[in-house]
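# A closer look at the structure
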Amino acid sequence: MADNRTYAHPYIPNTVPEVRDAMLKEIGLTSMDQLHDAIPDSLKLDREMNIPPAMNEYELRRHIEGLLAKNKHGADYLNFLGAGCWQHFIPAVCDEINQRSEFVTAYAGEPYEDHGRFQALFEYQSLLAELVDMDVVNVPTFDWAQAASTAIRMAGRVTGRKTALMPRSVDPDKAAIIRNYCMPVMDIQYIEIDPATGKIDVDDLRGKLSSDVAAVYFENPGYLGIIEDQGGTISALAHEAGAVSVVGVDPISLGVLEPPARYGADIVCGDLQPLGMHMNYGGGQAGFIATRDEEKFVMEYPSRLFGIVPTEVEGEYGFGDVAYERTSFALREKGKESVGTQTALWGITAGVYLALLGPAGMQEVGSTIIQKSGYAAKRLAEIPGVSLRFEGAFFKEFVVDFNKTGLTVAEINRRLMDEGIFGGKDLSAGYPTWGQCALYCVTEIHTQADLDRLAAALRSIAGTSSNGS
Amino acid sequence: MKRIIRDRKVRQFHQAKWDEPVIFELHRAGERGVIPPGTEAAVAAEIGSAADRIPASMQRAAAPALPEIGQAKVLRHYLRLSQETLGSDLNVEIGQGTCTMKYIPRINEMLIRNSRMTELHPLQDVDSVQGMLEIFHNLDLAMREISGMDAFSFQPSSGTQALLAMASIVRAYHDSRGEGEQRDEIITTIFSHPSQAATAAVKGYKIITLHPDEDGFPDLEKLKNAVSERTAGFVVANPEDTGIYNHRIREFTDVVHAAGGICYYDQANANGLLGITRAKEAGFDMCFFNLHKTFAAPHMCGGPATGALGVTDALKPFLPGPLVDREADGHYVLKQQGDLSIGKVRSFHGVAQTVLRSYAWILSLGAEGLKDVAQVAVLNNNYLYHKILQIRGASAPYIKGRRLEQVRYSWKQLTDETGVTTEDITRRMCDFGLHYWTSHHPYIVPQPFTLEPTESYSKEDLDEYIHALEHISHEAYTNPEIVKSAPHSSTVHRNDESSLDDPKQWCITWRAYLKKTSPELQTQSQA
């Protein structure tokens, strides 16, 4: 410690020299340097680190706010980016609860001093269970991609098989996460999609099913927004082949869309971010997994599962870990995959969101998204040179084909930014055979005026192209 | 009025007890918590109803059976649950060893709520997020300096996910050299976090676990016997969860490198090392830091968090992407990784709020302050250690000398003499408004408890915790029943855990509880 310090650091009370010296004396030392005697000199850093000098709180605030001021966000810009992270309405109560100091700073307490944390997570499990219509939900994992990866590995253990099938329309980034997580224990193969509808090519699926297939994974709505209405057929084919049906969902669709459990899904997964989490540059993601209450599935979860129990006093609710012995906390490498810090506070927040919205709110928000995204798609498709890539029903997102404008999506998006608009995600790199297509996201937060403004801006941009019709 | 007697050995405490129902019991048909934005009449007139746009087979047949609750009731319910939760802000949370429960600066929590943070979409054009990318880049530079590594990814969103990423890099590295099949073993130690072994197993590796020597050090001779042409990697924490620093760590990494393996460093226990010693000089090829431990991001009931993953130049091509880079003109970009990359481990760029918090924390300390953190964390720990060894029934197995930032202690003598176990003490500590943790499994140290005081607590705070343990030790020897039957001042009493491992009885959701306990309600809920 520097002896020239004139004041104690606000975060380190025992930098007060008198206290520090008294504590050193108590343990029989005379200098702070002696504390690290166990570390050989050859491993010690023999210089001060090259890190800027400390800022006080006000300087820090000015500095960080200065950096953040360089960012443009959805209040400055009209945002049509989705693709796995979506801008939705967030009730104020969600923020109030997830900013509570008790929840922000809690971690691994016992069911006694952290009774409230256990109950809030049990309630989250229970509320999401109603939305997905299943009896078991986990304490959430990192994101949808991790939830899908684990669901596939669970299916692998349940069936003793090593192959999983998923449609080629899965988000390439999500596919990369799933592949990395499953390799080399499981093999991932693609099912082709119908080029006109974007739905699964059921004949191709049929040809790829075999006694090696552990899981058929598909999404509803899919990454491209498409509503897959062949879920019953796909699940039935999977079951006939002895495989598990795994369905990924956007939970905000489930006020209006049929939950996958009703069309044969054995494991359901998805992302909680739409249910009350700010986008946070991608820091709002949280993955959920749900199954029926069957031992063969429950015992394959790697996650914490909180259950309700009686206490020794009649009339109290207690909460605790269900089947803890399956986890890596209990069994290290013999446990199911691994568990640790994941996204518990987003689970609590999603519970608050569902409690606020209720059945009516979930139906309303789902309907509104369908109507507004339908309106936006219709307006955009009216623009000369602009069309929808796929026919059929969609939820929240849709693929816009700009090939006939003669412009690249990159160029269109640059010009939209000049108009104060973030255009849809450029799909040209991920799906090169489609040429210049973009994935647009429209939610309940967009107004008719916003959507008309987007359409006007795109009409103007498309009209300036020499190749435009 | 008499002043509160401050030399009392334990705090007179009772946690909030609201007797709060499960949220479904707050249901009153027709109540609303919030009204989401709706559809304009003109839009509805033009587009028609949502139902018209959903294939019949995909229309939800029955509304989800969520409760209907007015907004104030929802708020009150969750505020009560928060009061029934003992966050680290509210207690001297030195009892959760290995997790570095330090002070969470409020300025950082305020900064992450800036709308130019919360409302950023991860796919925005880089020109519109230059400030965010600068924060990522600057934290990367600081992390490189702290560790000696050459590049960091903040994509992994916990220590466990960082370990998974590292095991993935080990596999990709050996695959790239044609040795992926041959090298199928990863070596770890028993005093390391269970996720080290578990994530390596997820990546298909056979796990070799080394047990310590009689002084508690990882055993170099056992490592020499374990390495071979099958060795893919060696993962270890240093200090391990005992707080014992392995001063021969460079010999360990040399042995593994000589056998062709990768050495990766779990720096979950880095709080006593900042500015003192680094991963690079110890011979590691990769390391990770938990930003939610050492770098003062909060634990958030268990995430979201960040496991900042650093590698040497040789392994940089294997990192998940994209990586933030600064161009010569000062413009920040997102650079995609090449074919050697493991791809991705988490969507987008990780948990940006945590990156911002830790960057702010480092700025609030500077190089000198970071070293103060390490020194005071070790000072606090050795003060605590010195005092706890004076408590009847407590001990600290292995070496008798100083430890670094934490210690795994044992109540074996106390249990042998009184029958009171470390789990009993866990529950009794709740009665004094304190958190206390035992150890990961398996219990190598008998009747374990693991304390990590960090730099954040004053001497008086440490004394309060010590007094509580002394008090409970005294109770164990004089009135053990009060410890065994604890908690007495908590929100609830001891759980009857008998149903938690029984598939016929466990209830993981409220609907499962209703089905399993009330046939009558089961019929109703299905109707």
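This text follows the structure it describes.
Please read these numbers as outputs of a predicted model, since none were measured by experiment. (Residues numbered from 1 in each chain as written. Chains lettered and ligands numbered in written order. Predicted model: local features only at pLDDT ≥ 70, side-chain atom pairs only at ≥ 80, totals over all residues. Heavy atoms only, no water.)

Here we come to the nonpolar core. In this structure, Leu223, Trp361, Ile362, Ile425 and Leu469 of chain B are the most contacted members of the largest nonpolar core, which totals 116 residues. Examining the composition of this core, we find that 20 residues originate from one element, helix 10 (residues 352–388) of chain B, more than from any other. (Core = buried A, V, L, I, M, F, W, Y, C linked by side-chain atoms within 4.5 Å. Buried < 20%, exposed > 50% of the residue type's maximum accessible area, 1.4 Å probe, protein only. Helix = DSSP H or I, 4+ residues; strand = E, 2+ residues; numbered from the N terminus.)

With that settled, the discussion passes to the interface of chain A and chain B. Listed as interface residues are 200 residues of chain A and, on the opposing side, 217 residues of chain B. Between chain A and chain B, roughly 18200 Å² of surface is buried when both sides are summed, and carbon and sulfur atoms account for 62% of that area. A salt bridge links Glu134 of chain B to Lys70 of chain A, with the nearest nitrogen and oxygen atoms 2.8 Å apart. Connecting chain A to chain B are 103 residue pairs in polar contact (both at pLDDT 80 or more). Ranked by residue count, the leading element in the side of chain A that touches chain B is helix 12 (residues 344–381) of chain A, at 27 residues. Tallied by class, the residues present in the side of chain A that touches chain B amount to 100 nonpolar, 53 polar and 47 charged. (Contact = heavy atoms within 4.5 Å. Buried area = accessible area lost by both parts, 1.4 Å probe. Salt bridge = Lys/Arg side-chain N within 4 Å of Asp/Glu carboxyl O. Polar contact = N/O pair within 3.5 Å; in protein donor to acceptor, adjacent residues only side chain to side chain. Nonpolar A, V, L, I, M, F, W, Y, C, P; charged D, E, K, R; others polar.)

Residues and elements named next belong to chain B. At a minimum axis separation of 10 Å, helix 10 and helix 13 (residues 459–478) run at an interaxial angle of 30 degrees. Judged by the angle between their axes, helix 10 and helix 13 are roughly parallel. Regarding helix 10 and helix 13, the two cross each other, and that crossing is right-handed. Counted together, Asn380, Tyr383, Leu384, Lys387 and Ile388 of helix 10 and Lys459, Leu462, Asp463, Ile466 and Leu469 of helix 13 form the full contact between these two elements. Here the residues of the contact of helix 10 with helix 13 are counted per class, giving six nonpolar, one polar and three charged. (Axes fitted to C-alpha atoms, helices over the stretch in contact; angles between N-to-C directions. Parallel < 35°, antiparallel > 145°, perpendicular 65-115°, else oblique. Left-handed = near helix turned anticlockwise from the far one by under 90°.)

All names here are of chain B. Compared with the 26 Å implied by 1.5 Å per residue over 18 residues, the 25 Å span of helix 6 (residues 159–176) between its first and last C-alpha is a close match. Within helix 6, 16 of the 18 residues are buried, which leaves it mostly tucked inside the rest of the structure. The N-capping residue of helix 6, defined by a side-chain oxygen 3.1 Å from the backbone nitrogen of Thr160, is Ser158. Residue Gly178 follows helix 6 closely and has a positive phi angle near 75 degrees. (Expected span 1.5 Å × (residues − 1).)

Another point: unusual backbone geometry. Of note, the amide linkage connecting Gly303 of chain B to Pro304 of chain B takes the cis form, showing an omega dihedral of 10 degrees. Mapped onto the elements of the fold, Pro304 of chain B is located in the loop between strand 6 (286–290) and strand 7 (307–311). The amide bond that connects Gly321 of chain B to the next residue, Pro322 of chain B, takes the cis arrangement and shows omega of -5 degrees. By the secondary structure assignment, Pro322 of chain B is in the loop between strand 7 and strand 8 (323–326). Located in the positive-phi region is Ala323 of chain A, a residue other than glycine, with phi close to 50 degrees. Along the chain, the position of Ala323 of chain A falls in the loop between strand 10 (317–321) and helix 11 (328–331). One non-glycine residue, Ala296 of chain B, lies in positive phi territory at about 65 degrees. Residue Ala296 of chain B is classed as buried on the basis of its relative accessible area, which comes to 2%.

Turning our eyes to something else, we now look at the sheet that holds strand 1 (residues 151–153) of chain B. Residue and element names in this part refer to chain B. Read across the open sheet, the seven strands follow the order 1-7-6-5-4-2-3; overall the sheet is mixed. Across the chains shown, the open sheet's two edge strands, defined by having one partner strand only, are strand 1 and strand 3 (206–210). Taking the axes of each pair of neighbouring strands and ignoring which way they run, one obtains an average angle of 20 degrees across the sheet. Alignment of strand 2 (residues 185–189) against strand 4 (residues 231–237), held across three bridges, turns out to be parallel. From the neighbouring strand, Glu185 faces strand 4, where its bridge partner is Thr231. (Pairing = 2+ DSSP bridges.)

This next bit is on the packing of aromatic side chains. All names here are of chain A. Enumeration according to the criterion identifies 29 aromatic pairs over all chains in this entry. The interplanar angle of 10 degrees and the centroid separation of 4.4 Å between the aromatic rings of Tyr77 and Phe422 together place this pair among those described as stacked. Taken as a pair, Tyr77 in the loop between helix 2 (57–68) and strand 1 (78–79) and Phe422 in strand 13 (residues 421–422) lie far apart in primary sequence, 345 residues in all. We classify Phe422 as buried; its relative accessible area is 3%. Seen from their ring centres, Trp86 and Trp144 are 6.5 Å apart, and the 45 degrees between their planes marks the pair as tilted. (Phe/Tyr/Trp six-rings, centres within 6.5 Å; stacked < 30°, edge-to-face > 60°.)

Purely geometric stuff here, so don't read any function into it on its own.
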